[in-house]
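Architecture and fold: a report
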2 protein chains.
Amino acid sequence: MKGPDNKNFIPNLSFDCVIFGFNGKLLKILILEYHNTGLFALPGGFIEVGQSLEEAVKKGVEERTGLKNVFLDQFQVFGNLERSDPEAMRRILKGNNKNLNENNWMLDRFITVGHYALINYEKVTPKPDHLSDSIGWYAIDELPRLMMDHNEIANKALQVLRNNLSEKLIGMNLLPQKFTMKELQSVFEAVLDQNLRRTTFQRKMLSLDILERHEKLFQGKAHKAPYLYSFK
Amino acid sequence: MKGPDNKNFIPNLSFDCVIFGFNGKLLKILILEYHNTGLFALPGGFIEVGQSLEEAVKKGVEERTGLKNVFLDQFQVFGNLERSDPEAMRRILKGNNKNLNENNWMLDRFITVGHYALINYEKVTPKPDHLSDSIGWYAIDELPRLMMDHNEIANKALQVLRNNLSEKLIGMNLLPQKFTMKELQSVFEAVLDQNLRRTTFQRKMLSLDILERHEKLFQGKAHKAPYLYSFK
């Protein structure tokens, strides 16, 4: 372990964040570009010796992206030996005029705790931190080549998001308070990037027991109108 | 960081394993008792510098419990500052005649990666390792007081198991190849520790799309027999 030059951070451990942005139609991911390196990466960071993992992630995301109060969930720890890339870290340190000797603990092996969140990108404006040239939303099928295993981390997060989509959508305000089954289906189709069969979708949604169906109002053509739902 | 005396392991990082044993009727958890300490704990360990997290967990579980090829899934990282307990580690080192000076990195703060698995306890015989007096299966509502935050880790794992029960049961061979809906319901009731309504259970199971229904054989009283199912 290259411990002695690092008094502030837990060595060998980092976190990385896949922040999905969605406006009801397009799904994107937040990516940073490091100064003078051409390297693209997920926002991430290290854990201070006196910090809980949760605090470190919360503070780190705010510092690196300018976004406040993003609620991130852990989804997987990435612990392979092959994932670390001292060469990329060297370029980042050099590109930011950081002292290699003082920071050589960053060239060591890292195990990283993957986190993810889903937010509405139309409601926030990310800001790059002092290490980065730019920060921006990239469509999930147009991601640049990311450093280390960050593309793999993003893909795993996408699988997890798709599996947990119902619970993530609740409270995200991507739908009106009350919505039709068709509107709900459109949101799922956009994130899953595939067409869904109406009958199967409806059966599945109802079986999840997360929707409340509202009575139709009997005025005008209301009897022809579709049912409205809201999340329980 | 108390790094210099530890050349073999990644500091500040551990893994802990909640191994659920289930025989179709009773749900238990595997617990170790450390020599001369009165301390009970989940099986766990550290990650060697040259080891992937996955290898460390696989090897560690085999060494500590004698159980081979237990497939463990990560479920949560526990990273609070309060969870570490140097006093307990001191007792374990002392109780095992280990040199405190050489092992003082173990008194430092640890972030732990929680893993869990579900196996049939009737098919395996765990063996305690050299650090432990005993290893044994404890019913989930009769767990002893565990060291550090291990009771909390076990409870979180139980929640995750209950949420993922269908997929965990597949391939566990806790049911005959073909089973009735009633047999399947009994297994769920045992793990969830509550009675379920037959109609709701049946609807939920069928909507999950994991069961295959088999045609009845028309011989004798077969027309009165319940349908048989198998996992897809």
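As annotated in an unreviewed UniProt entry, chain A carries the name NUDIX hydrolase and is attributed to Maribacter hydrothermalis.

**Brief notes about the nonpolar core**
Residues Leu13(A), Ile47(A), Leu72(A), Leu13(B), Ile19(B), Ile47(B) and Leu72(B) are the most contacted members of the largest nonpolar core, which totals 44 residues. When residues no more than four places from it in sequence are discounted, the contact partners of Leu72(A) are Cys17(A), Ile19(A), Val57(A), Val61(A), His115(A), Tyr116(A) and Ala117(A). Counting 36 residues, the second-largest nonpolar core is a separate cluster that includes Phe75(B), Ala154(B), Leu175(B) and Phe231(B).

**Comments concerning helix α2 (residues 86-95) of chain A**
Residues and elements named next belong to chain A. Taken as a whole, α2 has its buried residues at Ala-88, Met-89, Ile-92, Leu-93 and Gly-95. Looking straight down α2, one finds that the buried residues subtend no more than 170 degrees of arc, so they occupy a single side. Once α2 ends, the next one or two residues include Asn-97, with phi positive near 55 degrees.

**With respect to the packing of helix α5 (residues 181-192) of chain B against helix α6 (residues 198-207) of chain B**
The description of two helices packed together rests on the angle between their axes and the distance between the axes. Residues and elements named next belong to chain B. Closest axis-to-axis distance for the α5/α6 pair is 11 Å, and the angle between their directions is 95 degrees. Overall, the two elements α5 and α6 adopt an arrangement that is roughly perpendicular. Of the residues in α6, those touching α5 at Met-181, Leu-184, Gln-185 and Phe-188 are Arg-198, Phe-201, Gln-202, Met-205 and Leu-206.

**Re the relation of the copies chain B and chain A**
Mapping chain B onto chain A calls for a rotation angle of 180 degrees and an axial translation of 0.0 Å; the resulting RMSD is 0.0 Å. Put plainly, the chains are arranged around a two-fold axis. Interface residue correspondence from chain B to chain A reaches 96%, placing this contact among same-surface, isologous pairings.

**Focus on the interface of chain B and chain A**
Across the contact, 25 residues belong to chain B and 24 residues belong to chain A. For the chain B and chain A pair, buried surface summed over both sides reaches about 2000 Å², with 66% attributable to carbon and sulfur atoms. For the pair chain B and chain A, the interface holds zero salt bridges. Across the contact surface, chain B and chain A share eleven residue pairs in polar contact (both at pLDDT 80 or more). If you list the elements that add at least two residues to the side of chain B that touches chain A, you get β1 (9-22), β4 (44-48), β5 (73-78), β6 (111-119) and α6 of chain B. Looking at the side of chain B that touches chain A residue by residue, the classes come out as twelve nonpolar, ten polar and three charged.

**So, the domain arrangement of chain A**
All names here are of chain A. What the domain assignment reports for chain A is domain 1 (4-169) and domain 2 (175-231). In this complex, domain 1 contributes nine residues to the contact, which on the side of domain 2 involves ten residues. Taking both sides of the interface into account, the surface hidden between domain 1 and domain 2 amounts to around 850 Å²; carbon and sulfur atoms contribute 77%. On the surface where domain 1 and domain 2 come into contact, there are zero salt bridges. Take the side of domain 1 that touches domain 2: its biggest share by element is three residues, from helix α4 (residues 165-169).

**A few points about the pairing of strand β2 (residues 27-34) of chain B**
Residue and element names in this part refer to chain B. For β2, the buried fraction is high: six of the eight residues fall into the buried class. As paired elements, β1 and β2 share three bridges and run antiparallel to each other. Paired with Phe-22 across the strands is Leu-27, a residue of β2.

**Quick word on the side chain of Gln51(B)**
The residue Gln51(B) is located in the loop between β4 and α1 (53-65) in this model. Judged by relative accessible area, Gln51(B) falls into the buried class, the value being 9%. A distance of 3.0 Å separates a polar atom in the side chain of Gln51(B) from the backbone nitrogen of Glu48(B). Sequence-distant contacts of Gln51(B), defined by excluding residues within four places in its chain, comprise Leu81(A), Arg109(A), Phe46(B), Ala56(B) and Lys59(B).

**What to know about the side chain of Asn120(A)**
Residue and element names in this part refer to chain A. Relative to the elements of secondary structure, Asn-120 occurs in the loop between β6 (111-119) and β7 (132-139). At 3.0 Å, the side chain of Asn-120 and the backbone nitrogen of Glu-122 are in polar contact. If we skip the residues at most four places from it in the chain, Asn-120 touches Phe-22, Asn-23, Met-172 and Leu-174.

Cut-offs applied
Residues numbered from 1 in each chain as written. Chains lettered and ligands numbered in written order. Predicted model: local features only at pLDDT ≥ 70, side-chain atom pairs only at ≥ 80, totals over all residues. Heavy atoms only, no water. Core = buried A, V, L, I, M, F, W, Y, C linked by side-chain atoms within 4.5 Å. Buried < 20%, exposed > 50% of the residue type's maximum accessible area, 1.4 Å probe, protein only. Contact = heavy atoms within 4.5 Å. Helix = DSSP H or I, 4+ residues; strand = E, 2+ residues; numbered from the N terminus. Arc of directions from axis to C-beta. Axes fitted to C-alpha atoms, helices over the stretch in contact; angles between N-to-C directions. Parallel < 35°, antiparallel > 145°, perpendicular 65-115°, else oblique. Least-squares fit on C-alpha atoms with pLDDT ≥ 70 in both. Buried area = accessible area lost by both parts, 1.4 Å probe. Salt bridge = Lys/Arg side-chain N within 4 Å of Asp/Glu carboxyl O. Polar contact = N/O pair within 3.5 Å; in protein donor to acceptor, adjacent residues only side chain to side chain. Nonpolar A, V, L, I, M, F, W, Y, C, P; charged D, E, K, R; others polar. Domains from an automatic or database assignment. Pairing = 2+ DSSP bridges.

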